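# Residue-level structure breakdown
Here is what each chain is made of, one letter per residue.
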Amino acid sequence: MTGEEQSQPAAGTSVGQQLRQAREKLGLNVSDIANLQHLRPSVIQAIEAGDYSKVDTELFLKGYVRTYARHVGLDADALIRTLDSELEPLRQRRVQEQQSNPLIDIERKKKRKRQFAKLTLLLVFVAVVGFLVYDHFLKPGPGQVTPAADIPEEASAPLVDESVPGEDIPAETRVSSASIAEAPVVSPEPGVVAENTDTAPSAISQEPALAEREMAVGGEATEPAEPLTTDTEVAVVTQSESVAQENLPGLVRLEMNFSNDCWVQVTDADGKRLVSALRRDGDALDVQGRAPLRVVVGAMNAVESLRFEGESMDLGSFRVVNNRSEFTLEP
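Quick caveat: nothing in here was measured; it's all calculated off a predicted structure.

### Observations concerning helix H2 (residues 15-25)
All of the buried residues in H2 are Val15, Gly16, Gln18, Leu19, Ala22 and Arg23. Viewed along the axis of H2, the buried residues span an arc of 165°, placing them on a single side of the element. Immediately downstream of H2, the backbone of glycine 27 shows phi near 75°, a positive value.

### Describing a nonpolar patch on the surface
Together, Leu119, Leu122, Leu123, Phe125, Val126, Val129, Val133, Tyr134, Phe137 and Leu138 line one region of the surface with nonpolar side chains, adding up to about 1000 Å² of accessible area. Along the chain, the position of leucine 138 falls in helix H7 (residues 102-138).

### Topic: the side chain of serine 325
Relative to the elements of secondary structure, serine 325 occurs in strand S9 (residues 324-329). Serine 325 gets classed as buried once you look at its relative accessible area, which sits at 1%. Of note is the side chain of serine 325, whose polar atom sits 2.9 Å from the backbone oxygen of arginine 319. Setting aside residues no more than four positions away along its own chain, serine 325 makes contact with Val295, Val296, Val297, Met300, Phe318, Arg319 and Val320.

### Some details on the environment of valine 65
Relative to the helices and strands, valine 65 is located in helix H5 (residues 58-72). Valine 65 gets classed as buried once you look at its relative accessible area, which sits at 0%. Placed 50 residues apart in sequence, valine 65 and valine 15 show a C-alpha to C-alpha distance of 8.3 Å. Setting aside anything within four residues of it in sequence, one finds valine 65 in contact with Val15, Leu19, Ile47, Leu79, Ile80 and Leu83.

### Concerning the sheet that holds strand S4 (residues 284-289)
One open sheet holds the four strands; their spatial order is S4-S1-S6-S7, and the pairing between them is antiparallel. This sheet does not close on itself; its edge strands, each paired only once, are S4 and strand S7 (311-312). Across five bridges, strand S1 (residues 252-258) lies against strand S6 (residues 303-308) in antiparallel orientation. By the bridge assignment for S6, asparagine 257 is matched with serine 305.

### A word on the packing of helix H3 (residues 30-37) against helix H4 (residues 41-49)
When two helices pack together, their arrangement is given by the angle between the helix axes and by the axis-to-axis distance. Running from amino to carboxyl end, H3 crosses H4 at an angle of 110°, the nearest separation of the two axes being 8 Å. Judged by the inter-axis angle, H3 sits roughly perpendicular to H4. With respect to the hand of their crossing, H3 and H4 are arranged in right-handed fashion. Note on element contacts: H4 touches H3 through Pro41, Ile44, Gln45 and Glu48, opposite Val30, Ile33, Ala34 and Gln37. Of the residues assigned to the contact of H3 with H4, the class counts are five nonpolar, two polar and one charged.

### Description of the pairing of strand S3 (residues 273-279)
Of all the seven residues making up S3, five are buried; the element is thus mostly covered by neighbouring parts of the structure. Hairpin connection between strand S2 (residues 262-267) and S3: a loop of five residues separates the two successive antiparallel strands, and glycine 271 in this loop has a positive phi of roughly 85°.

### Quick look at the UniProt feature "transmembrane region" (unreviewed entry) in the protein chain
In the numbering used here, UniProt assigns the "transmembrane region" (unreviewed entry) feature to residues 116-134. Secondary structure content for residues 116-134 is 100% helix and 0% strand, while the C-alpha to C-alpha distance between its ends is 27 Å.

### Considerations on the confidence of the model for the protein chain
Here the protein chain shows a mean pLDDT of 73. Residues at 70 or above account for 63%. In the predicted structure, residues 169-211 sits below a pLDDT of 50 and forms 63 contacts with residues beyond four places in sequence or in another chain. In this model, residues 213-245 is a region of pLDDT below 50 whose contacts with residues beyond four sequence positions or in other chains number 27 contacts.

### Things to note about the pairing of S2
When a strand is regular, its side chains alternate between the sheet's two faces. Along S2, six of the six residues are buried, which leaves the element largely enclosed by surrounding structure. Here S2 shows no split at all, with Cys262, Val264 and Val266 on one side and Trp263, Gln265 and Thr267 on the other all buried. Here six bridges tie S2 to S3, and the two strands are oriented antiparallel to one another. Following the sheet pairing, glutamine 265 is matched in S3 by serine 276. Sheet topology places S2 next to strand S5 (residues 293-297); four bridges connect them, and they run antiparallel. Looking at the pairing, glutamine 265 lines up with valine 296 of S5.

### Structural notes on the nonpolar core
Grouped together as the largest cluster of nonpolar side chains are 24 residues, with contacts concentrated most on Leu19, Leu61, Val65 and Leu83. Taken together, the elements giving at least two residues each to this core come down to H2, H3, H4, H5 and helix H6 (76-100). A per-element tally of this core places H6 first, with six residues. In terms of nonpolar packing, the next biggest core, distinct from the first, is built from 23 residues, Val266, Ala302, Val303 and Phe308 among them.

Calculation criteria
- Residues numbered from 1 in each chain as written.
- Predicted model: local features only at pLDDT ≥ 70, side-chain atom pairs only at ≥ 80, totals over all residues.
- Heavy atoms only, no water.
- Buried < 20%, exposed > 50% of the residue type's maximum accessible area, 1.4 Å probe, protein only.
- Helix = DSSP H or I, 4+ residues; strand = E, 2+ residues; numbered from the N terminus.
- Arc of directions from axis to C-beta.
- Patch = residues over 30% accessible without salt bridge, like charges linked within 9 Å, V, L, I, M, F, W, Y side chains within 5 Å.
- Areas by Shrake-Rupley, 256 points an atom, 1.4 Å probe, with all protein chains shown as cover.
- Salt bridge = Lys/Arg side-chain N within 4 Å of Asp/Glu carboxyl O.
- Polar contact = N/O pair within 3.5 Å; in protein donor to acceptor, adjacent residues only side chain to side chain.
- Contact = heavy atoms within 4.5 Å.
- Pairing = 2+ DSSP bridges.
- Axes fitted to C-alpha atoms, helices over the stretch in contact; angles between N-to-C directions.
- Parallel < 35°, antiparallel > 145°, perpendicular 65-115°, else oblique.
- Left-handed = near helix turned anticlockwise from the far one by under 90°.
- Nonpolar A, V, L, I, M, F, W, Y, C, P; charged D, E, K, R; others polar.
- UniProt positions renumbered as here; feature names shortened; annotations may be inferred.
- pLDDT = per-residue confidence, 0-100.
- Core = buried A, V, L, I, M, F, W, Y, C linked by side-chain atoms within 4.5 Å.

Given below as structure tokens:
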């Protein structure tokens, strides 16, 4: 018999019988095959008898059969296909045993419960984190406006009336509101100053006198030889403006310093929002308004200090919820 004929398994015989017949034709015993595969003889005997339950897993069984077939000169692929058909009833029996086993069913239910509990905890955690992020960083405060509200209305409105109805004021006597902030309104009549004389600089009051002298010399006004607004005048006006900002009558003053990012809003008694913006680390806040002042702080731990009417306030005395605080200040 040639080797090609020997490699063809007999039709209708099991895998174990084909292996045993090929081994016996070669004059080998069970121990010889076991030594070649480094297995116990009982494993070889179980394979030849078709008792596949003695092998731990199906993967190991196919490996043993494939190696056995090469040793005895059989077609390993054909034997593996036959082995699959023989193992199918064994697979179905194992599945039925697992389904009928109450312990396996209980373990399966426990596994599903653990997975559901983990998913529930994950969803709760995501919801809590999302709420905290929204509450601390994204939630707009009551009546929040754009950062443009930080600009005091006094700075945007003209403080000096440059004309008097019904009168033509000479160009030399007009004073720009952008250059002298809160300077007094100058009357077109020589020597007359408006009622607001508490911060009137002497240099401004000299302009009408200069115009009068020029009229007396030539009979009509001439262009001045040099600008009427001197360096001394600008310095006096600037000093008057700073004093006015620090001591506005009828207003209270709030000062705050920040050590981290913090959203803050300040509203006065008239409902006007003095501040509504985000402050950064190292920023300072200095506002004035009619008392009482209503203050909303988004991150209280970012406030380094707070002074009201020049007095330091105890930050621990304010009610804080989730690092957010709302309070009212009045003298």
